[in-house]
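In case you want the letters, here they are:
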Amino acid sequence: MESLLAPSFVSGLAALAAGGAVCPPGLLLPTAAVNFHSLLFFLFAALACGFALGVVISDNVVRMALYLVFSLAATAGLFFLSGAEFVGAMQLMIYVGGTLVLLVFGVMLTAQAPFIEIRASASDRTLAAVAGASLLGLLLTAALSVDAWNAPGAGVIPDPSATPLGMAMVGLRVDDPPANAPVAGRAGYLLPFEIVSVHLLVVLVGAAYLARAKRRRTPRPIEALASAVAPASPPAAAARSGSSSALVGGTR
Amino acid sequence: MNGLPCTAAILPLLAANPLTEPVGVIHYLVVGAVLFTAGIACMMLKRNALGVLMGIELVLNGANLNFVAFASPYLQAEGGMSLGLDGQMIALFVILLAAAEAAVALAITLNFYNNHATVDVDRADDLKG
Amino acid sequence: MVELLLGFGLPGWLAWTVAALVSAALILNVIAVGALVFIWAERKVAARIQDRLGPTRTGGKFGWLQSLADGIKLLAKEDLMPDGADGLLFKIAPYVSFCASFCAFIALPFAFDVVAQRLNVGVFFVVAVLGLEVFGVILAGYASASKWSLFGAMREAAQVVSYEVPLGMCVVVPVMLAGTMDLVTIGEKQAGWFTNWYLFHDPFTFVIFWVYVTCAVASVNRAPFDLAEAESELVAGFHTEYSGLRWSFFFMAEYGSMFLVSGLAAVLFLGGWNGPVPLAELLGWSGRGGDTSAFLVYLVRLLGLVNLVGKATIGVLFMMWIRWTLPRLRIDQVMTTCLKYCTPIAAAMFAGAMVWQLLLPGGLLPGWGRPAGEIREGWLEGPGGSPVRVADRD
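Read on for a plain summary of the structure. Because the structure is a prediction, the values reported are computed rather than measured.

What about the overall build of chain A?
From N to C terminus, chain A includes 11 helices and 0 strands. Here chain A holds 252 residues, and the buried ones make up 43% of them. Sequence-distant contacts, at least 24 apart, represent 47% of the contacts inside chain A between residues at least 6 apart. Put simply, chain A shows about 12200 Å² of open surface, and 71% of that area lies on carbon and sulfur atoms.

A short note on the overall build of chain C
Along the backbone of chain C there are 14 helices and 2 strands. With 394 residues in all, chain C has 54% of them scored as buried. Here the contacts in chain C between residues at least 6 apart in sequence split such that 75% fall between residues at least 24 apart. Total accessible area on chain C stands at roughly 16800 Å², and carbon and sulfur atoms take up 69% of it.

Details of the nonpolar core
Membership of the largest hydrophobic core comes to 188 residues, with the highest contact counts inside it found for Phe86(A), Leu92(A), Phe135(C) and Tyr212(C). Discounting residues that sit within four places of it in the chain, Leu92(A) has contacts with Ala73(A), Ala76(A), Phe80(A), Gly97(A), Phe125(C), Ala128(C), Val129(C) and Leu132(C).

Re a nonpolar patch on the surface
Residue and element names in this part refer to chain C. A cluster of nonpolar side chains, contributed by Val33, Leu36, Val37, Phe62, Trp64, Leu65, Leu68 and Ile72, occupies part of the molecular surface with about 740 Å² of accessible area. For the nonpolar patch, the secondary structure elements donating two or more residues are helix 2 (12-49) and helix 3 (66-76). Of the residues forming the nonpolar patch, the biggest block, 3 residues, is contributed by helix 2. Within the fold, Val33 resides in helix 2.

Brief notes about the packing of helix 3 (residues 49-71) of chain B against helix 4 (residues 85-116) of chain B
Residues and elements named next belong to chain B. Closest axis-to-axis distance for the helix 3/helix 4 pair is 9 Å, and the angle between their directions is 175°. With respect to helix 4, the element helix 3 is oriented roughly antiparallel. Residues Ala49, Leu50, Leu53, Ile56, Glu57, Leu60, Asn64, Phe67, Val68 and Ala71 of helix 3 touch helix 4, and the partners they reach there are Gly87, Gln88, Ile90, Ala91, Val94, Ile95, Ala98, Glu101, Ala102, Ala105, Leu106 and Thr109. Looking at the contact of helix 3 with helix 4 residue by residue, the class counts come to 16 nonpolar, 4 polar and 2 charged.

Some points on the environment of Leu165(A)
With respect to the helices and strands, Leu165(A) occurs in helix 8 (residues 163-169). C-alpha separation for the pair Leu165(A) and Tyr189(A), spaced 24 residues apart in sequence, amounts to 9.4 Å. The residues touching Leu165(A), leaving out its near neighbours within four places in the chain, are Phe86(A), Leu85(B), Gln88(B), Met89(B) and Leu92(B).

A word on the pattern of salt bridges
Residues and elements named next belong to chain C. Evaluated as defined, the whole model comprises 5 salt bridges over all chains. A salt bridge links Arg222 to Glu42, with the nearest nitrogen and oxygen atoms 3.0 Å apart. Of this pair, Arg222 sits in the loop between helix 9 (203-219) and helix 10 (231-234) while Glu42 sits in helix 2, and the two are 180 residues apart along the sequence. Of the residues examined, Arg222 reaches a relative accessible area of 0% and is grouped as buried. The class of Glu42 is buried, set by a relative accessible area of 6%. Arg330 is the partner of Asp332 in a salt bridge, and the nearest nitrogen-oxygen pair spans 2.9 Å. Overall, Asp332 belongs to the partly exposed group, its relative accessible area being 39%. Each of Glu42, Arg222, Glu254 and Arg323 takes part in a single network of salt bridges with overlapping partners.

Quick look at helix 9 of chain C
Think of an α-helix as 3.6 residues a turn; residues three or four steps apart then line up on the same face. All names here are of chain C. Compared with an ideal rise of 1.5 Å per residue, which puts 17 residues at 24 Å, helix 9 spans 24 Å between its outermost C-alpha atoms and is within 8% of the ideal. Listing the buried residues of helix 9 in full gives Thr205, Ile208, Phe209, Val211, Tyr212, Val213, Cys215, Ala216, Val217, Ala218 and Ser219. Where helix 9 begins, the side chain of Asp202 points an oxygen toward the backbone nitrogen of Phe204, at a separation of 3.0 Å. Just past helix 9, the residue Asn221 takes up positive phi, approximately 60°.

Here's the deal with the state of the cysteines
As enumerated under the stated definition, the model contains 0 disulfides over all chains in all. For the unlinked cysteine Cys342(C), the closest cysteine sulfur is that of Cys215(C), found at 4.1 Å.

Quick look at the packing of aromatic side chains
One pass over the structure, following the stated rule, counts 26 aromatic pairs over all chains. With 5.5 Å between their ring centres and 90° between their planes, Phe80(A) and Phe125(C) make a pair best called edge-to-face. Of this pair, Phe80(A) sits in helix 3 (residues 61-81) while Phe125(C) sits in helix 5 (residues 122-130), on two different chains. Judged by relative accessible area, Phe125(C) falls into the buried class, the value being 9%. Between Phe105(C) and Phe259(C) the ring centres are 6.2 Å apart and the planes differ by 20°, which places this aromatic pair in the stacked class. Linking Phe105(C) in the loop between helix 4 (87-104) and helix 5 with Phe259(C) in helix 11 (residues 244-268), this pair joins segments that are 154 residues apart in sequence. Both residues of the pair, Phe105(C) and Phe259(C), belong to the buried class.

Some words on the environment of Asn66(B)
Residues and elements named next belong to chain B. Counting through the fold element by element, Asn66 comes out in helix 3. Judged by relative accessible area, which is 24%, Asn66 ranks as partly exposed. Linking Asn66 and His27, residues 39 residues apart in sequence, is a C-alpha distance of 10.0 Å. The residues contacting Asn66, other than those within four sequence positions of it, are Tyr28, Leu29 and Gly32.

Here's the deal with the packing of helix 6 (residues 133-143) of chain C against helix 11 of chain C
Two numbers describe a pair of packed helices, the interaxial angle and the distance between the axes. Residues and elements named next belong to chain C. Between helix 6 and helix 11, the least distance of the axes is 11 Å, while the angle of their chain directions is 150°. Taken together, the axis directions place helix 6 and helix 11 in an arrangement best described as roughly antiparallel. The chirality of how helix 6 crosses helix 11 is left-handed. Touching Glu133, Gly136 and Ala140 of helix 6 are Phe250, Ala253, Glu254 and Ser257, all from helix 11. Along the lines of polarity and charge, the residues of the contact of helix 6 with helix 11 split into 3 nonpolar, 2 polar and 2 charged.

Conventions and cut-offs
Residues numbered from 1 in each chain as written. Chains lettered and ligands numbered in written order. Predicted model: local features only at pLDDT ≥ 70, side-chain atom pairs only at ≥ 80, totals over all residues. Heavy atoms only, no water. Helix = DSSP H or I, 4+ residues; strand = E, 2+ residues; numbered from the N terminus. Buried < 20%, exposed > 50% of the residue type's maximum accessible area, 1.4 Å probe, protein only. Contact = heavy atoms within 4.5 Å. Areas by Shrake-Rupley, 256 points an atom, 1.4 Å probe, with all protein chains shown as cover. Core = buried A, V, L, I, M, F, W, Y, C linked by side-chain atoms within 4.5 Å. Patch = residues over 30% accessible without salt bridge, like charges linked within 9 Å, V, L, I, M, F, W, Y side chains within 5 Å. Salt bridge = Lys/Arg side-chain N within 4 Å of Asp/Glu carboxyl O. Axes fitted to C-alpha atoms, helices over the stretch in contact; angles between N-to-C directions. Parallel < 35°, antiparallel > 145°, perpendicular 65-115°, else oblique. Nonpolar A, V, L, I, M, F, W, Y, C, P; charged D, E, K, R; others polar. Expected span 1.5 Å × (residues − 1). Polar contact = N/O pair within 3.5 Å; in protein donor to acceptor, adjacent residues only side chain to side chain. Disulfide = S-S within 2.5 Å. Phe/Tyr/Trp six-rings, centres within 6.5 Å; stacked < 30°, edge-to-face > 60°. Left-handed = near helix turned anticlockwise from the far one by under 90°.

Written out as structure tokens, the structure reads:
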């Protein structure tokens, strides 16, 4: 029963966080001791950073994919908190729901026992840690050196609406220009939108072409490997003639 | 490593109770920096091609977070300048292009796997002289 | 509700916390109680269709307590884990599934303004979060270290990702008619008699509703699209190795999703919380006149709640009817249905509805009882290139 308690606690926490989104982001509480927006921000920020570190530290590629899913979902929460609701939903739909499902698919197709865990050498780890730490230090120094970014936010948000985004996509800007904008005129995004859609089409065709099933006379190296590894028993032979024999994952 | 200006800037942030203050751009920038660094470290460290791909996703995500933070009027200080809608637009395009990039990279990885029976990028050295 | 709590003199943070907890608890109850009721209903429906009686003994004449007994049995079952399984992933997978199903309910309105969080991108959010449920299934399939589970998971991944495309197209049509992605506004625009429902707006929406039904059934993995757990080929598919409470979490997620897509269909196409006959309007309770007591407003909301839950329940019963009537498709037939039929039909209907909206925005049937003076967000390019906001014709 103990093993059950921990995950249910986690899901309860997620439920609490989800229910906590009841607090509209813009509404500042007059009598509040705790700024709920900040509290939720720190929750989601901790989740995003923690799972991102999990991706780096973990050696198991399937767990890496899972941590990446959680990290990106927490980032979507951060998008919602900053008032970019459409971007947040887009992140959930395309990034988490589309791209990462694809990625997990790829992980499973290639998740043969020797490749699930490829450990980097200790020297590589040290190098990565040093380089990462110095890069983080550089980025933080740069970010903290600008005074305008260090001030706490004003805490006022207009009602977020997806309409200006959609109108900008078809080339008409209806949003109010941001305060203190250096230039008055702003461009629509019709041309980038069209370019991206054509680009996506090209990628769709290209990816389908690259990953298509080819008929070949000689067995593929992966099939040769499978037949070399598998013991000569009827079930193994049957599995070998199927799509792949060593798809069964899991590590202990 | 962070030098003097950094510690001087970070002190007032630590002095205030973070839970009662509204968050600002800098909070998002810090999270974005952590995601970015994690992605770079992932790309350096992983030998699995898909692990490298995950690192790229993290890097793009960290950058996206910065765009959205700069675009959000909520996070700006009084009289601060926000990117407005343009930041959100760029974030949207980054998400779309990341999807395209992931599809192509995955197709390449699967092809590599089919031809070499491995996904270890260190073993993609056929052209080595 | 926060205003109510603040009125009691609670400090702000406590009021927000209590409101959040109550919302979360209510949604959790919708899923849990819904699953209890629907499991019983599924047994009875299946029995009736197969000319049987179904549960008759547990808890009285109709076997009312059957699902409670099922629950106790599941609680008492041994929690097994295969030896080769990846422990962490195996344990976490059911909760991932359940959380996704749960989170999607945040943006689903149950009556006018009875919604945990009114989101400007409500439709998009619900569809996006619903798509995340697949992760739990994929993880379960992988982590079980069983061929059957993995095949089920792969099928599920391919199927759900494919069906998101036509599903998205279907969902866009009501969004286009209403001019917003806010589910509360979409529901409110269909107020009045049933002729105002988007289902009857024009022939294209009528057709696309049935495409939506097909895609929704497929995206929640119900028969005839339940390839992920095809018991005739894959033992039990992705949850072959699960037992006890963890298995029941998958089950609850499935019934939660069924209720969710039915509720979404009700809001998008079937008038949401507006009944076929505007009862509250006819009795003068609706509060559109301005002077309505708080009790009447509460009563009208309750009526709307009953309406929406009723419609969603009918949707779930419809899915059960389909499940026990149609045979399961093969995996290639599933993909064919999606790519060769649903997607082109949805695209054509989308284009048709667009043209119809340009030519005849009022719809096909007379708009009895349609709320007057509604304003669509429309934008035109005014003089000097500056945008001008305009109200729509109706």
